[in-house]
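Close look at the chain arrangement
This is what each chain is made of:
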Amino acid sequence: MGSGRKPSAARQGFDEREANAKEEVQADEAVFHDHLPIVSSSNDRIRPLLDAVDRLRQLNVMKEGIQLPTIVVVGDQSSGKSSVLESLACINLPRGDGICTRVPLIVRLKHHPSLVPEIFLQFNDQTVPTDEAHVADAIKRATDEIAGDGKGISNTELTLVVKKNGVPDLTLVDLPGITRVPVHGQPENIYEQIANIIMKYISPEESVILNVLSANVDFSTCESIMMSQKVDKNGERTIAVVTKIGLGYVCVRNRIGNESYEDARKEEAALFATHQLLSKIEKSTVGIQVLANKLVRIQANIIAKCLPDIVRKINEKLKASISELNKIPRRLLSVAEVMAAFMGIIGSSKESLRKILVRGETDEYPDEKNMHCAARLVEMLNQFSIELHNCSDHTKNFMMNEIEVLQETKGIELPNFVPQTAFQTIMQRQVEGMSKLPIEFVEEVWTYIEEVVISVLNHHSESYHQIQLSTRRAGHNLVAKMKEQSINWVAEIVQMEKETDYTCNPEYMKEWNELMEQQQTVIDNITRYGSSKVVIDGSRELVVGDLRRYKHVLLQAFDLKMRLIAYWKIVLMRLVDNMALHLQLSIRNLVNKEMEKEIVTELLGTGGGVAIEKLFVESPTVASKREKLNTSINLLRESQEVMANIMDEIATAGD
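Everything quoted here is computed from the prediction, not taken from an experiment.

Moving on to the overall build of the protein chain. Along the backbone of the protein chain there are 18 helices and 11 strands. Within the protein chain, residue pairs in contact and separated by at least 24 positions form 77% of the contacts whose partners lie at least 6 positions apart. For the protein chain, the exposed surface amounts to about 32600 Å²; the carbon and sulfur share of it is 51%.

Below, the structure written as structure tokens:
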């Protein structure tokens, strides 16, 4: 706020708000004094807290999702942000037209008993010492190195450490000033870039927003105020220079031209003492010293408030990272370890497959129904049985096929015999009609089993990329062989049913006898009464054609039809039962005998036993994950130690 500037319209009525401001400041003071037994406003009590937070910031604990209490300085371009920081630090910062601050500038102020200041910059893992006379130039050079020597900005932080006698113990983050119109050399989206950086720093609940406003602007339309209100609607963690928001306000006069800091403070005191309007402002809300004291108190209060939550989050993050790291198998350092791990993968995979494929257990995959193999296989088998029974319709063209075949196979023989040739001819047709179903069923089952086997092998070898590829190939090859064996077996079974006929199942004779009991009734209905419909088996009503023309073979045709119906039930039952037994045996052989042999053959085929350890080299993904977790654990452990030390100091001070 300059000494010769005319107050803006927004400053009208300032006197009326003064009483409220004084009450808020006094209430603020009471809050801070409530915390004095834990955190004092004196440097020797605040400094350890601030050092702890600064150390956590240096460790970059924020990348672990842990927010730190931070005073963030925001304002429109040329609002005087850097000038306020200059006054607090009593050093020169870069000045000029346009954006002076092009990167987040972390200003760490520390009271130094020595009369010789110690000033240095930290960025890009380097520390650059400087002095009061050259600090502005040093910041410009560092900024150019980070953000380029143009007028662009960067979100990479630059830290300025100022250890100087008499400065307040404060850490603030100065952000680029807000501008909407890009100048020559700036990107078109400069406003969006700056807004994104500002929102990143002011959004966390742990951040206190120091909003620096020029006295000659309309506060209600000020960009920085509107941004602050987006994340702090009630102004509970916002403090402003000049205007009244949330935590209060402080009015200051910035240094003008080449004034010394001592002269600037004298001019500031004179301005607020003699100006017609400004002299009426409560003295507890004017001056850099008041601002410094207020910021120190706010900072101490928010750090004390956030410490327990920071400790909790660090401990939780550390525990989670250690747990995740422990889930990654350790690196294998010898052939013996490699072989032990290899056998472990095979053993654990076999046991998982025994549980889900052989024993029908579901505890390993309680929520993955596709891995509940016993239930899924039974569903497929039941569907196969339904399709088999639906593939032959004994009601269609009732007895006509049988009559046709009897006429074509008749020989010199007694008229009341059913020729074996006729039976086999019709049976071959029926078997041929359903011959694709068993093949399709076998292919469907083995496709499903392949998915399960590969899923289990992938799971147990996921930490070893090369071994996972080999076991996957072995799994595919093994299932392909088993599928081929099953298809050949099924084809042979189907061929047997086509070429031969036999059963010792008593159900066949029982069914045939029961059906034959209806023979005379059915024949009479057809020949004597000319019925177009007959009933078989007490319930099945069949439409019949003009069968009276074939009276001489009706008895034989009916007998043949009933034999086919009774025997077809046996064939279907035999197919379903044998298929179930075959698949169970094949699955057991796959898990207990064939899988281990196939995997070993696949591995040894990649280059011999000497090269097997190469298969257990960690994949880039796992290696990267391990490195990331180790880095995170080291960072969190160091952060944990920092917090343990500061909590011990607080506890000791409290005693």
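Empty space within the largest pocket amounts to approximately 730 Å³. Lining the largest pocket are 25 residues; nearest its centre among them are Arg-57, Asn-60, Met-62, Ile-106 and Glu-157. Mapped onto the lining of the largest pocket, the elements with two or more residues apiece are helix H2 (43–58), strand S2 (105–111), strand S3 (118–123), strand S4 (126–130) and helix H5 (190–202). Here the lining of the largest pocket takes 3 residues from H2, the largest share from any one element. Classifying every residue of the lining of the largest pocket by side-chain character gives 7 nonpolar, 12 polar and 6 charged.

Their axes nearest at 9 Å, the elements helix H13 (residues 436–460) and helix H14 (residues 465–499) cross at an angle of 160°. Judged by the angle between their axes, H13 and H14 are roughly antiparallel. With respect to the hand of their crossing, H13 and H14 are arranged in right-handed fashion. Looking at the contact of H13 with H14 residue by residue, the class counts come to 12 nonpolar, 7 polar and 4 charged.

This part covers the packing of helix H10 (residues 373–390) against H13. Packing of H10 against H13 leaves a shortest axis separation of 11 Å and a crossing angle of 170°. With respect to each other, H10 and H13 are oriented roughly antiparallel. Note on element contacts: H13 touches H10 through Leu-437, Pro-438, Phe-441, Glu-444, Val-445, Tyr-448 and Val-452, opposite Cys-373, Arg-376, Leu-377, Met-380, Leu-381, Phe-384, Glu-387 and Leu-388. Within the contact of H10 with H13, the residues separate by chemical class into 12 nonpolar, no polar and 3 charged.

On to the packing of aromatic side chains. Applying the stated rule across the entire model yields 3 aromatic pairs. Aromatic pair Tyr-508 and Tyr-567: ring centres 6.1 Å apart, planes at 90°, arrangement edge-to-face. Linking Tyr-508 in helix H15 (residues 506–516) with Tyr-567 in helix H17 (residues 551–604), this pair joins segments that are 59 residues apart in sequence. With a relative accessible area of 12%, Tyr-508 lands in the buried category. Taking relative accessible area as the criterion, Tyr-567 reaches 3% and is therefore assigned buried.

On to H10, then. Each full turn of the α-helix corresponds to 3.6 residues, which orients residues three or four apart in the same direction. Taking 1.5 Å per residue, 18 residues should reach 26 Å; H10 reaches 26 Å between its end C-alpha atoms and fits that length. For H10, the full list of buried residues reads Cys-373, Arg-376, Leu-377, Met-380, Leu-381, Phe-384, Ser-385 and Leu-388. Buried residues along H10 sit in contact with helix H9 (335–358), helix H12 (420–434), H13 and H17.

So, about the pattern of salt bridges. Tallied over the full model, the rule gives 27 salt bridges. Ionic pairing is found between Glu-402 and Lys-561, a salt bridge with its closest N-O pair at 3.5 Å. Taken together, the residues span a long stretch of sequence, with Glu-402 in helix H11 (residues 400–408) and Lys-561 in helix H17 at a distance of 159 residues. When sorted by exposure, Glu-402 lands in the same class as Lys-561, which is buried. Between Asp-559 and Arg-563 there is a salt bridge, with its nearest N and O atoms 2.9 Å apart.

Turning our attention to a negative patch on the surface. On the surface, a cluster of negative charge is made up of Glu-387, Glu-440, Glu-443 and Glu-444. Per-element accounting of the negative patch gives the leading share, 3 residues, to H13. For Glu-443, the position within the fold is in helix H13.

Further remarks concern H12. The end-to-end C-alpha separation of H12 is 21 Å, in line with the 21 Å expected for 15 residues at 1.5 Å each. The secondary structure elements touched by the buried residues of H12 are H10, H11, H13, H14 and H17.

Turning our attention to the nonpolar core. Residues Leu-353, Ile-356, Leu-357, Phe-398, Phe-558 and Met-562 are the most contacted members of the largest nonpolar core, which totals 84 residues. In terms of residue count, H17 provides more of this core than any other element does, 24 residues in total. Judged by nonpolar contacts, the second largest core, of 65 residues, contains Leu-49, Leu-93, Phe-123 and Leu-307.

Let us now look at the pairing of strand S1 (residues 70–74). A regular strand places its side chains so that they alternate between the two faces of the sheet. Judged by how many residues are buried, S1 sits mostly within the fold: 5 of 5 residues are covered. Side chains of S1 alternate between two faces, with Thr-70, Val-72 and Val-74 and Ile-71 and Val-73 buried alike. As paired strands, S1 and strand S6 (residues 170–174) are joined by 3 bridges and run parallel to one another. Each bridged residue has a counterpart across the sheet, and for Val-72 the counterpart in S6 is Val-173.

Moving on, we get to the environment of Asn-397. Structurally, Asn-397 is set in the loop between H10 and H11. Asn-397 sits 147 residues away from Val-544 along the chain, and the two C-alpha atoms are 7.0 Å apart.

With 79% of its residues at a pLDDT of at least 70, the protein chain reaches an overall mean of 80. Considering each helix and strand of the protein chain separately, the mean pLDDT is smallest for helix H1 (residues 14–34), with a value of 38, and largest for H13, with 96. Taken together, the stretch residues 1–41 has pLDDT below 50 and engages in 64 contacts with residues farther than four places along the chain or on a different chain.

Our focus in this paragraph is the environment of Val-84. Within the secondary structure layout, Val-84 lies in helix H3 (residues 81–89). What makes Val-84 buried here is its relative accessible area of 2%. For the pair Val-84 and Val-73, spaced 11 residues apart in sequence, the C-alpha to C-alpha distance is 9.6 Å.

Where burial is concerned, most of S3 is hidden: 5 out of the 6 residues are buried. With 5 bridges joining them, S3 and strand S5 (residues 158–164) adopt antiparallel strand pairing. Looking at S5, one finds that Glu-118 is bridged to Lys-163. By the bridge criterion, 5 bridges tie S3 to S4 in an arrangement that is antiparallel. By the bridge assignment, Ile-119 is partnered in S4 with Thr-130. As consecutive antiparallel partners, S3 and S4 are separated by 2 residues, and within that stretch Asn-124 has a phi angle of approximately 50°, a positive value.

Another aspect to go through is the side chain of His-582. Tracing the backbone shows His-582 in helix H17. Excluding residues that lie within four positions of it along the chain, His-582 makes contacts with Ser-486 and Trp-489.

The rules behind the values
Residues numbered from 1 in each chain as written. Predicted model: local features only at pLDDT ≥ 70, side-chain atom pairs only at ≥ 80, totals over all residues. Heavy atoms only, no water. Helix = DSSP H or I, 4+ residues; strand = E, 2+ residues; numbered from the N terminus. Contact = heavy atoms within 4.5 Å. Areas by Shrake-Rupley, 256 points an atom, 1.4 Å probe, with all protein chains shown as cover. 1 Å grid on protein atoms, 1.4 Å probe; cavity = no way out; pocket = protein on both sides within 12 Å on 5 of 7 lines; lining within 4 Å. Points joined across faces, edges and corners; volume = space filled by probe spheres on them. Nonpolar A, V, L, I, M, F, W, Y, C, P; charged D, E, K, R; others polar. Axes fitted to C-alpha atoms, helices over the stretch in contact; angles between N-to-C directions. Parallel < 35°, antiparallel > 145°, perpendicular 65-115°, else oblique. Left-handed = near helix turned anticlockwise from the far one by under 90°. Phe/Tyr/Trp six-rings, centres within 6.5 Å; stacked < 30°, edge-to-face > 60°. Buried < 20%, exposed > 50% of the residue type's maximum accessible area, 1.4 Å probe, protein only. Expected span 1.5 Å × (residues − 1). Salt bridge = Lys/Arg side-chain N within 4 Å of Asp/Glu carboxyl O. Patch = residues over 30% accessible without salt bridge, like charges linked within 9 Å, V, L, I, M, F, W, Y side chains within 5 Å. Lys, Arg positive; Asp, Glu negative; His and termini not counted. Charge placed at Lys NZ, Arg CZ, Asp CG, Glu CD. Core = buried A, V, L, I, M, F, W, Y, C linked by side-chain atoms within 4.5 Å. Pairing = 2+ DSSP bridges. pLDDT = per-residue confidence, 0-100.

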